[in-house]
Amino acid sequence: GAVVSQHPSWVICKSGTSVKIECRSLDFQATTMFWYRQFPKQSLMLMATSNEGSKATYEQGVEKDKFLINHASLTLSTLTVTSAHPEDSSFYICSVRADTGELFFGEGSRLTVL
Amino acid sequence: KQEVTQIPAALSVPEGENLVLNCSFTDSAIYNLQWFRQDPGKGLTSLLLIQSSQREQTSGRLNASLDKSSGRSTLYIAASQPGDSATYLCAVERAGTYKYIFGTGTRLKVLA
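Heads up: these notes are all about the structure in this document. These figures come from a predicted structure and were not determined experimentally. (Residues numbered from 1 in each chain as written. Chains lettered and ligands numbered in written order. Predicted model: local features only at pLDDT ≥ 70, side-chain atom pairs only at ≥ 80, totals over all residues. Heavy atoms only, no water.)

Here's the deal with the nonpolar core
- In terms of nonpolar packing, the biggest core is built from 26 residues, with W35, F67, Y92, V96 and L111 of chain A touching the most fellow members.
- Broken down by secondary-structure element, the contributors of at least two residues to this core are β2 (10–13), β3 (19–25), β4 (32–38), β5 (44–51), β7 (67–73), β8 (76–81), β9 (90–97) and β11 (109–113) of chain A.
- Filtering out sequence-adjacent residues up to four positions away, V96 of chain A remains in contact with A2, V4, S25, F28, A30, T32, M33, E102, L103 and F104 of chain A.
- Formed by 24 residues, the second largest nonpolar core is a distinct cluster that contains L21, F25, I77 and V110 of chain B. (Core = buried A, V, L, I, M, F, W, Y, C linked by side-chain atoms within 4.5 Å. Buried < 20%, exposed > 50% of the residue type's maximum accessible area, 1.4 Å probe, protein only. Helix = DSSP H or I, 4+ residues; strand = E, 2+ residues; numbered from the N terminus. Contact = heavy atoms within 4.5 Å.)

Printed below as a string of structure tokens:
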């Protein structure tokens, strides 16, 4: 299966700062990556679809100016949480979809905003 | 709107038992269905993918079936082991979108 790497695995920041999370597809070129968010003991919620070379597509209710997504190459997508606040604290996880339809996930990034 | 529900929400069984996890979805217009496991604080590990033309997939002690018309999938785990303890999630891919919608998950604990 595909290997997806996320960095950092955890980050603590002060309220008002911005945090960038990287998602790399290590063994195949991904024109599309997906960003999910997971609150404690809850399921995954799709935030946005990251498209290489074009704008991301956001799900309803997700603020695109709060969660900036850049997919500048076929192996890297970044999620920047801008002006983070405590309510943005969550587990953020990215995935890539293989041609078979199978989804492969990164290890996730836990964000804590103080 | 697609809704995916998993029953039971939590399950505790003694080692060696065979068990069934259930996943139901409201819109049968799906493409693929995938089962994952998630360990606490970790990412998701893909277990089985059932593609649109398939009804069943098997990997080792795991067997997953799909009945699109009834909006149901089951994950069968044979001879459960303590290492199987995790949260199991099913996800359905909305037809024509490449987007997966996740179920609510089943937290499994296998007691030694």
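A look at the layout of surface pockets
- Taken as a whole, the largest pocket holds about 530 Å³ of empty space.
- Lining the largest pocket are 17 residues, with M45 and L46 of chain A together with K1, Q2 and I101 of chain B sitting closest to its centre.
- Mapped by element, the contributors of at least two residues to the lining of the largest pocket are β5 of chain A together with β10 (100–102) of chain B.
- Each residue belonging to the lining of the largest pocket can be placed in one class, and the counts come to eight nonpolar, five polar and four charged. (1 Å grid on protein atoms, 1.4 Å probe; cavity = no way out; pocket = protein on both sides within 12 Å on 5 of 7 lines; lining within 4 Å. Points joined across faces, edges and corners; volume = space filled by probe spheres on them. Nonpolar A, V, L, I, M, F, W, Y, C, P; charged D, E, K, R; others polar.)

Here's the deal with the environment of T104 of chain B
- Note on placement: T104 of chain B falls in the loop between β10 and β11 (106–111).
- Looking at T104 of chain B, the relative accessible area reads 48%, which means it is partly exposed.
- Sequence separation of T104 of chain B and G16 of chain B is 88 residues, and the distance between their C-alpha atoms is 25 Å.
- For T104 of chain B, the contacting residues outside a window of four places in its chain are S43 of chain A together with V4, T5, Q6 and L89 of chain B.
- In this structure the side chain of T104 of chain B is engaged in a polar contact, spanning 3.1 Å, whose partner is the backbone nitrogen of Q6 of chain B. (Polar contact = N/O pair within 3.5 Å; in protein donor to acceptor, adjacent residues only side chain to side chain.)

Digging into the pairing of β3 of chain A
Residues and elements named next belong to chain A.
- On β3, burial follows the alternation: V19, I21, C23 and S25 on one face are buried, whereas K20, E22 and R24 on the facing-out side are not.
- Two strands pair when backbone bridges link them, and β3 and β8 are joined in this way by six bridges, in the antiparallel orientation. Note on β8: the bridge partner recorded for I21 is L79. (Pairing = 2+ DSSP bridges.)

Regarding the sheet that holds β8 of chain A
Residue and element names in this part refer to chain A.
- Taken in spatial order, the four strands of this open sheet run β1-β3-β8-β7, and their pairing is antiparallel. Lying at the two open borders of the sheet, with one neighbouring strand each, are β1 (4–7) and β7. With strand direction ignored, the average angle separating the axes of adjacent strands in the sheet is 15 degrees.
- By the bridge criterion, five bridges tie β7 to β8 in an arrangement that is antiparallel. The residue of β8 that forms the bridge with N70 is T78. (Axes fitted to C-alpha atoms, helices over the stretch in contact; angles between N-to-C directions.)

Section: the packing of aromatic side chains
- This structure, assessed with the given rule, holds six aromatic pairs over all chains.
- On the basis of an interplanar angle of 50 degrees and a centroid distance of 5.7 Å, the ring pair of Y36 of chain A and F105 of chain A is categorised as tilted. Of this pair, Y36 of chain A sits in strand β4 while F105 of chain A sits in strand β10 (residues 103–105), and the two are 69 residues apart along the sequence.
- Exposure remark for F105 of chain A: the relative accessible area of 8% places this residue in the buried category.
- Pairwise contacts between aromatic rings join Y36 and F105 of chain A together with F36 and F102 of chain B into one cluster.
- The ring of Y98 of chain B has R97 of chain A lying over it, and the distance from NZ or CZ to the ring centre is 4.0 Å. (Phe/Tyr/Trp six-rings, centres within 6.5 Å; stacked < 30°, edge-to-face > 60°. Lys NZ or Arg CZ within 6 Å of the ring centre and 35° of its normal.)

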